[in-house]
Amino acid sequence: MAVPKAAAKPGANPLDTAIAQFERAADRLNLDPGLRQVLGTCKRELTTHFPVQMDDGSTKVFTGYRVQHNLARGPAKGGIRYHPAVGLDEVRALAMWMTWKSALVNVPYGGAKGGVIVDPKALSETELENLTRRYATEISIVIDPIRDIPAPDVGTDERVMAWIMDTISMHRGYTVAGVVTGKPVSVGGTLGRKEATGRGILYLIQELTRDHGIPLEGATVAVQGFGNVGGVAATLLAREGARVVGVSDTSGCLYNEKGLDVETLWQGKKEGASLSELGGGDCLGGDELLSLPVDFLIPAALEGQITAQTARNIQAKFVIEGANGPTTPDGDAVLAEKQVLVVPDILANAGGVIVSYFEWVQDLQFFFWEEKQVCEQLQRVITSALREVRARAEQENVSLREAAMLIAVSRVEEATRLRGIYP
Ligand code: NAD
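About the thresholds
- Residues numbered from 1 in each chain as written.
- Predicted model: local features only at pLDDT ≥ 70, side-chain atom pairs only at ≥ 80, totals over all residues.
- Heavy atoms only, no water.
- Axes fitted to C-alpha atoms, helices over the stretch in contact; angles between N-to-C directions.
- Helix = DSSP H or I, 4+ residues; strand = E, 2+ residues; numbered from the N terminus.
- Parallel < 35°, antiparallel > 145°, perpendicular 65-115°, else oblique.
- Left-handed = near helix turned anticlockwise from the far one by under 90°.
- Contact = heavy atoms within 4.5 Å.
- Nonpolar A, V, L, I, M, F, W, Y, C, P; charged D, E, K, R; others polar.
- Pairing = 2+ DSSP bridges.
- Expected span 1.5 Å × (residues − 1).
- Buried < 20%, exposed > 50% of the residue type's maximum accessible area, 1.4 Å probe, protein only.

**Student:** Can you help me understand the packing of helix 13 (residues 351-365) against helix 14 (residues 371-396) in this one?
**Tutor:** Helix-helix packing is characterised by the crossing angle of the two axes and by the distance between the axes. It is at 10 Å that the axes of helix 13 and helix 14 come closest, and there the two elements cross at 130 degrees. Of the possible angle classes, the one that applies to helix 13 and helix 14 is oblique. Relative to helix 14, helix 13 is oriented so that their crossing is right-handed. Residues Gly 351, Ile 354, Val 355, Phe 358 and Gln 362 of helix 13 pack against Val 374, Gln 377, Leu 378, Val 381 and Ile 382 of helix 14. Split by residue class, the contact of helix 13 with helix 14 holds 7 nonpolar, 3 polar and no charged.

Put into structure tokens, the structure is as follows:
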């Protein structure tokens, strides 16, 4: 099955998007010019070029980053991305969004992000482990359970987190479980972390369907990016009776008006197959997935997918941003004009950081929770954040994104101001 893929949209620099969103909130909050500069800049940026021994005996140099945006509310927190298109501006934008996200859901973290320019699928398991352990060593000068705590993102998973945790632990001479989250449960991970971001999306959609009087049973869903976030969200939504009609990954898009067998597709993906190999629906081209006539569209792949151009064709009633930064400011304006309700990334995908926080707390206390407790607490935190954002949006007559940013930026501004400038 020949299936085209949706590439990242050219010209959509994620940092431009992140800064534009911040400036808008800063204007509305009438932020002090000095604090505006502080919050609009990443605090610490580590770039590292490091060698990795490849299976054929050769040495290859890779480039990686770890960026911390703001630490006023607590240690830095954010994922690590392995992708060929990773760049410093992208990592900066992702770090900034992590600051706002943590503040919005009120977990005591600042924002960070890391990345390595690599296609992880092109490496053997040994090469991937070598690269991960060396990158972990390079960033070990900034990561620590009380300083900066990485987690999985695109192209990394719990296996990579276990290697990072083990590398740091080897350096220290004792197990440092709390240095990363998203680890396997057997090495200090939490129950419910792997599914947390997708589960958070389910809880938000359940809340929205209740509020808008739409039955979830039979509601139609399309998911761009059938990975950790999108695959889990689609599976959990299908279990609740939603009809997932379209899903995509880098191999292509599948569509079935009657509903795809998401459970089987997700099982196949977890076993390493791509959607184009799995089949089970018609193939769609490029951006078509984004323009399906559905109730809920969940962009859960990469940044910059919903531009002014693609937004014009969107027919969904709700866009739930599973990915970070999937909508450009121009795209946002078009969606607002069309009265599409957008649940912004810093709220929609916050399930990951919320349960990462629970994992970290469990690691620091050496006391582990039952999955039921993790899910209940996740639901409580994410739905109360949604209610708070909706109330602020109504109060100020702004979009959910602007309301979320106003809440988040105010909290970070307050912490930064109260701590003061040292010395
Ligand atoms: P992942 O690597 O598990 O999955 C990404 C999926 O997107 C893959 O299936 C890939 O094939 C697909 N994809 C990539 N480019 C695509 C394109 N142009 N069109 C269609 N599909 C494409 O990554 P993930 O962890 O699910 O992360 C996805 C997004 O969610 C990222 O923006 C990430 O920053 C964000 N996010 C992840 C988490 C988490 O807990 N993993 C938490 C919050 C936010």
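Having put the structure on the table, let's press on.
**Student:** Looking at this model, I keep getting lost on the sheet that holds strand 1 (residues 44-53). Mind explaining?
**Tutor:** Working definition: the strands of a sheet are paired by backbone hydrogen bonds and lie parallel or antiparallel to each other. Read across the open sheet, the 5 strands follow the order 1-2-4-3-5; overall the sheet is mixed. Of all strands in the sheet, those bounded by a partner on one side alone are strand 1 and strand 5 (148-152). The average angle at which neighbouring strand axes cross in this sheet is 25 degrees, direction not considered. Alignment of strand 3 (residues 76-83) against strand 5, held across 5 bridges, turns out to be parallel. Counted as the bridge partner of Ala 76 is Asp 148 from strand 5. Together, strand 1, strand 2 (59-70), strand 3 and strand 4 (110-117) form the strand contacts of helix 4 (residues 125-139), whose direction differs from that of strand 1 by roughly 145 degrees.

**Student:** Mind showing me how you'd approach helix 13 here?
**Tutor:** Helical geometry note: an α-helix holds 3.6 residues per turn, so side chains three or four residues apart project in the same direction. Taking 1.5 Å per residue, 15 residues should reach 21 Å; helix 13 reaches 21 Å between its end C-alpha atoms and fits that length. Burial analysis of helix 13 places 12 of its 15 residues in the buried class, which makes it a mostly covered element. Where helix 13 is concerned, the buried positions are Gly 351, Gly 352, Val 353, Ile 354, Val 355, Ser 356, Phe 358, Glu 359, Trp 360, Val 361, Gln 362 and Asp 363. Where helix 13 is buried, its residues contact strand 3, helix 3 (88-104), strand 5, helix 6 (196-212) and helix 14. Of the residues trailing helix 13, Phe 366 is marked for its positive phi of about 50 degrees.

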